[in-house]
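# Coordinate inspection notes
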Amino acid sequence: MRIRLLCFAVTLLAFSNALFAQGVTTIQGNVKNSSSNENVPSVSVIIKGTQIGTYADEKGNFKLTTTQKPPFVVVFSSVGYDSFERTIGSSNEQLKIFLQPSVALGQEIVVAASRTPERILESPVTVERVSTSVIRNAPAASYYDILGYLKGVDMTTSSLTFRTPSTRGFNGSGNLRFNQFVDGMDNQAPGLNFSVGSVVGLTELDVESMELLQGASSALYGSGGMNGTLLINSKSPFKYPGLSAQVKMGVNHIDNYQHKKSPVYDWSVRWAQKVSDRFAFKITSQFFQAQDWQASDSSNLDRNNVFSSLKNGTRQTDPNYDGVNIYGDEASAKMNSFAQAVVSQVPGPALAQIQGLIAAGYNFQQIAQMLGANPTTAPLVQYLPFIMGYGAGIYGDQSVSRTGYAEKHLTNYESYNYKIGAGLYYMITPKIEASVYGHFGTGTSVYTGADRYSLVNLKMAQYKFELKHKNWFIRAYTTQENSGDSYASTITSILLNREWKADQTWFQQYIGTYSQQRLTGQTDAAAHTAARTVADMGRYMPGTPQFNSAFNKVTSKPIGQGGSKFADQTDLYQIEGQVNLTDLVQNKVEVILGGSYRRYVLNSRGTIFADTTGRININEMGAYFQLQKKLFYDVLKLTVAGRFDKNENFDGRFTPRFSAVIKAAKDHNIRLSYQQAYRFPSTQDQYINLQTPGARLIGGLSQFNTYFNFNNVAPYTSESVVAFRTAVGNNVTPANLLANANLLKAYSFTAIKPETSNSFEVGYKGLIAKKLLLDAYVYYTEYKDFIGRVAVARGQSSIDPSAGPAQAAQAYGEIYSPFTTTNYSLMKNHETPVKSFGWGLSAEYKVYKTYYINANVFGDELKDLEPGFTSFFNTPKLRYNIGVGNENVYKNIGFNVMMRWQDKVDWEGTFGSGEIPAYTTVDAQVSYKMPEIKSMFKVGGTNILNKYYRSAFGNPKVGGLYYVSFAYNIF
């Protein structure tokens, strides 16, 4: 019986396999370059009109199995080649496919412009695309740096591994008006509020493309996309299998200007495997290490709470010197005010006695001798320099600052970056792919914000689960942030100084010595020199055990607890989805619907946010739509899009976008668009509560008004405080304080609200004779409720001046003295609209065979700006890039040269303000391809002329970097 059942089962299985085999069509073969006869890897092999397909492997071989019966058409396509179609007439065909290298420009497919694939020539807005071929042949040291070659892009360099791209103005480190997404995941650090760019994200070998959408993009990408959105896309292991590796070795500081000559290491590896037609995986890793560029600007700052400007002077010529990249000298005191505070501590009878001796004509030495001879009056000798100096008016309006430390003594310039990523990919059906992916990064870098921040062992991780179909996707991901051992340089230096001597003691020694020197006949300059020598006695010098011990102590304690370390572990959680309903409406109009939910979990333990009592949650929700229709035989393409978003702390926002693409002729398109954009205030804009050397930075939510009691005792604008102190002068009496109190202007706290903009753009993109690709645009944008900061101040006791004359005199007395004044930096929406105008033009020309010349020029500027308004636009009026290259000049030898130039700019920032001079850089590389092993050897450099430049105020001067690289399996 068992034998019969077994025979029956075997017969049934054989019969079912035979039936199945009858319904299966298998095609396989090889794809080659028609010009060179080389194998072409990663070619897309798809049955026309379906999503059924596969990819050629690294040797150009492919195998496609389908239940669809012949005849049908298979489409072969790959970037850099003309598509090829082949009709399949029977099963089990062995094919030899030859693809023709593409010579047409402007045929790239982009998704960023309208969240749906379209030719870049037909994009409704300005968009740029960087392909794997461009990345492979660029002279840039990193794929992320290539963005700086694109039209309309400015790159702010805070350090070797921290660069921030911006478009259409408002440049700076961590641009909050510019979105960055890596495989659909927001790349912004949710707590530290800057996009981490290439610090945490894809490795260079795993980047398939970058798409840069300039201008307003909130209608499709949500808050933050006011000036642009960047999409960075990784390589699929189904399409790009195999083991790839790249070793890049370089050198910088070749002239020993900032540091002795130093090596640069950049190693990366990628392993992807297609286990079956349904399952694949990939693992990526990259390590970078180098000696970073150093910020060493010793210019003198005139600081005013939040904002500052340059002034003349050095540490030798200005007692109140405040160096740009010198820290700790922010601790400053007005000499006259300090002396008055000391005098006020002298008992009345003793003060009267000393004043009597002064009136009798005794000089400093005589009075000191008289007081010192009597044990009862000897303690009064310490007050004598202040009493006599204050009475003689020797201080004038002078201030004095503590001696600071240079950034190079406070910052870890041993920059490194380590990234690792891994993903699993499974085709549930031929049309639905499920994937789980994560990447982790850690490193040490430097970032410029309100301070120069040393990002030491910064850690970030992103994890994602996604279901993806041609017409829809569902994605859930999280960003996990850990500030590691990061710290603020200025706070570190101030606390370092206080470790060996308190501010009160230092200023008392300095001003006392200065007074004594002046009262005994010394010149002002000599008195200051002697005073600093006495006050700095015992100062911890860099490199000594005392300095190192104090430095480690300060940087190991959190901000607010006696240290300068951040303790941030803020997280982000998001789920989003999108569906394309075009097939359901029978292609009459393209319809896209999408939505998202986001949750921030702020957790800085009081070092950044007002979260000392526990974590703070912020919830956001959004939904969007897009309708697109081609009319008049595809001559006109109209697009309408809109998005509604709600943040729990703000009213909901709807942002529309309207665009039209007019086909003037074949491959010549004119684009018109109107877009509205917005950004919710960032997590720091909402909840920051950070004490910096200049002021306490606080968020813009209404609860801060109550928490700091501004609703009962209003602070005063910084400008009015300066006017008040100047008017009072040295006559600090209750009557004079009250008499000048009318100069103080109260500031009314108003809760912050989202910033919006309206942008209009006209553009043209055209291809002439298949050799010249032109792209041009002109835009106009108006910003409303522009988010900025305002500096205010209030007496440290928060006394209400309206309580009575005595209280008023005390309150105004505290405002007069910097030692008894609390400075605040508040978020504010400016009522005056901010208007910007810009234009850009780019051209790519195929000169001869495979020689290409590309160039672009662009400009941006503000219009109708009110005098004195601080916009932080930070954008040169004119910039241009010029490049020339050929991938194969002779026997696989190629080259690429890029020159960049930008005009000077008057930089405005919370760290400091001043002019950034115009500069020119040249990047170049020479390459040799080895097709037989799909590898390339490259020698190149960035800023090869080694002309140092700065891209932003307070940032380091960037010199030349030179490298040699070998990359395996990259074609």
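Scroll up to find the structure this text is about.
Throughout this description, residue numbers start from 1 for each chain and increase along the sequence as written. Totals for whole chains, interfaces and linings use every residue, but because this is a predicted model, local features are given only for residues with pLDDT of at least 70 and side-chain atom pairs only at 80 or more, for both listing and counting. Calculated side-chain values reflect all of the structure's heavy atoms, with hydrogen atoms and water omitted.

Bringing the sheet that holds strand β37 (residues 689–691) into the picture now. Spatially, five strands are ordered β37-β38-β43-β42-β39 in an open sheet, and the strand pairing comes out mixed. Edge strands, defined here as strands with exactly one partner in the open sheet, are β37 and β39 (716–717). As judged from the two bridges shared by β39 and strand β42 (residues 786–795), these two strands associate in the antiparallel manner. Bridging from a neighbouring strand, Thr-717 pairs with Val-792 of β42. Only strands that DSSP links by at least two bridges are regarded as paired with each other. Starting at the N terminus, helices and strands are each numbered in turn, a helix being any DSSP run of H or I of at least four residues and a strand any DSSP run of E of at least two.

A few words now on the pairing of strand β32 (residues 590–602). Bridging between strand β31 (residues 571–580) and β32 involves 10 bridges; their strand directions are antiparallel. Counterpart to Leu-572 in the pairing with β32 is Tyr-600. As defined by bridge partners, β32 adjoins strand β33 (residues 616–631) across 13 bridges and the pair is classed as antiparallel. Counterpart to Val-601 in the pairing with β33 is Asn-617.

Attention shifts here to the packing of aromatic side chains. Any pair of Phe, Tyr and Trp rings, taking the six-membered ring for Trp, is counted once the centres come within 6.5 Å. Such a pair is stacked with planes under 30 degrees apart, edge-to-face with planes over 60 apart, and tilted for the rest. For the coordinates displayed, the defined rule picks out 41 aromatic pairs. Plain terms: the ring middles of Phe-181 and Tyr-221 are 5.9 Å apart, the flat faces sit at 35° to each other, and that makes the pair tilted. One end of the pair, Phe-181, is in strand β13 (residues 178–182); the other, Tyr-221, is in helix α3 (residues 218–221), with 40 residues separating them in the sequence. Looking at Phe-181, the relative accessible area reads 9%, which means it is buried. Accessible area is worked out with a 1.4 Å probe on protein chains only. A residue is then buried under 20% of its type maximum, exposed over 50%, and partly exposed in between. Relative accessible area serves as the criterion here: at 10%, Tyr-221 is assigned to the buried category. A centroid spacing of 4.9 Å and a plane angle of 85° characterise the contact between Trp-271 and Phe-281, whose relative ring orientation is edge-to-face.

Here we take up a positive patch on the surface. Where like charges cluster on the molecular surface, the positive patch consists of Lys-630, Lys-663, Lys-666 and Lys-770. Its location among the elements puts Lys-666 in the loop between β35 (653–665) and β36 (668–679). Patch membership requires over 30% relative accessible area and the absence of a salt bridge. Like charges are linked within 9 Å, and nonpolar side chains (Val, Leu, Ile, Met, Phe, Trp, Tyr) within 5 Å. Note that accessible areas follow from Shrake-Rupley with a 1.4 Å probe, and for residues the cover is restricted to the protein chains shown. Salt bridge, as used here: a side-chain nitrogen of Lys or Arg that lies within 4 Å of a carboxyl oxygen of Asp or Glu. We count Lys and Arg on the positive side and Asp and Glu on the negative side, and we leave His and both chain ends out. Every charge is mapped onto a representative atom, which is NZ of Lys, CZ of Arg, CG of Asp or CD of Glu.

Of all five residues making up β13, five are buried, and the element is well covered by its neighbours. Side chains Phe-178, Gln-180 and Val-182 project from β13 onto one buried face, and the interleaved Asn-179 and Phe-181 project onto a second face that is buried too. Looking at chain direction, β13 and strand β16 (residues 228–234) are connected through five bridges and run parallel. Residue pairing for β16: Val-182 is matched across the bridge by Ile-232. Across two bridges, β13 lies against strand β14 (residues 185–186) in antiparallel orientation. If you follow Val-182 over to β14, its bridge partner there is Met-185. The turn linking β13 back onto β14 is made up of two residues, and Asp-183 within it adopts a positive phi angle of 50°.

Quick look at the packing of helix α8 (residues 489–500) against helix α11 (residues 545–555) now. All axes here are fitted lines through C-alpha atoms, helices being fitted over the stretch that makes contact, and every angle between N-to-C directions spans 0 to 180 degrees. Running from amino to carboxyl end, α8 crosses α11 at an angle of 125°, the nearest separation of the two axes being 9 Å. It follows from the interaxial angle that α8 and α11 lie oblique. α11 is crossed by α8, and the crossing has right-handed handedness. In this structure, α8 uses Thr-492, Leu-495, Leu-496 and Glu-499 to contact α11, whose residues at the interface are Phe-547, Ala-550, Phe-551, Lys-553, Val-554 and Thr-555. Each angle gets one of four labels, with under 35 degrees taken as roughly parallel, over 145 as roughly antiparallel, 65 to 115 as roughly perpendicular, and the rest as oblique. Put simply, a crossing is left-handed when the front helix is turned counterclockwise from the back one by less than a right angle, and right-handed when it is turned clockwise. It only takes one pair of heavy atoms within 4.5 Å for two residues to be counted as in contact.

Let's shift gears to the side chain of Lys-151. Counting through the fold element by element, Lys-151 comes out in the loop between α2 (132–137) and β11 (153–159). Taking the relative accessible area as the measure of exposure, Lys-151 reaches 1% and is therefore buried. In this structure the side chain of Lys-151 is engaged in a polar contact, spanning 3.3 Å, whose partner is the side chain of Asp-775. One polar contact links Lys-151 to Ser-842, side chain to side chain, over a distance of 3.2 Å. N or O atoms closer than or at 3.5 Å make up a polar contact, with two conditions inside protein: a donor-capable atom paired with an acceptor-capable one, and, for residues adjacent in sequence, both atoms drawn from side chains.

Here the amide bond leading from Pro-70 into Pro-71 is cis, since omega sits at 5°, within 30 degrees of zero. As for its placement among the helices and strands, Pro-71 is situated in the loop between β4 (61–66) and β5 (72–77). Look at His-253: it is not a glycine, yet its phi comes out positive at around 55°. Secondary-structure assignment places His-253 in the loop between β17 (242–252) and β18 (262–274). At Asp-667, a position not held by glycine, the phi torsion is positive, near 65°. Classification of Asp-667 as buried rests on a relative accessible area of 14%.

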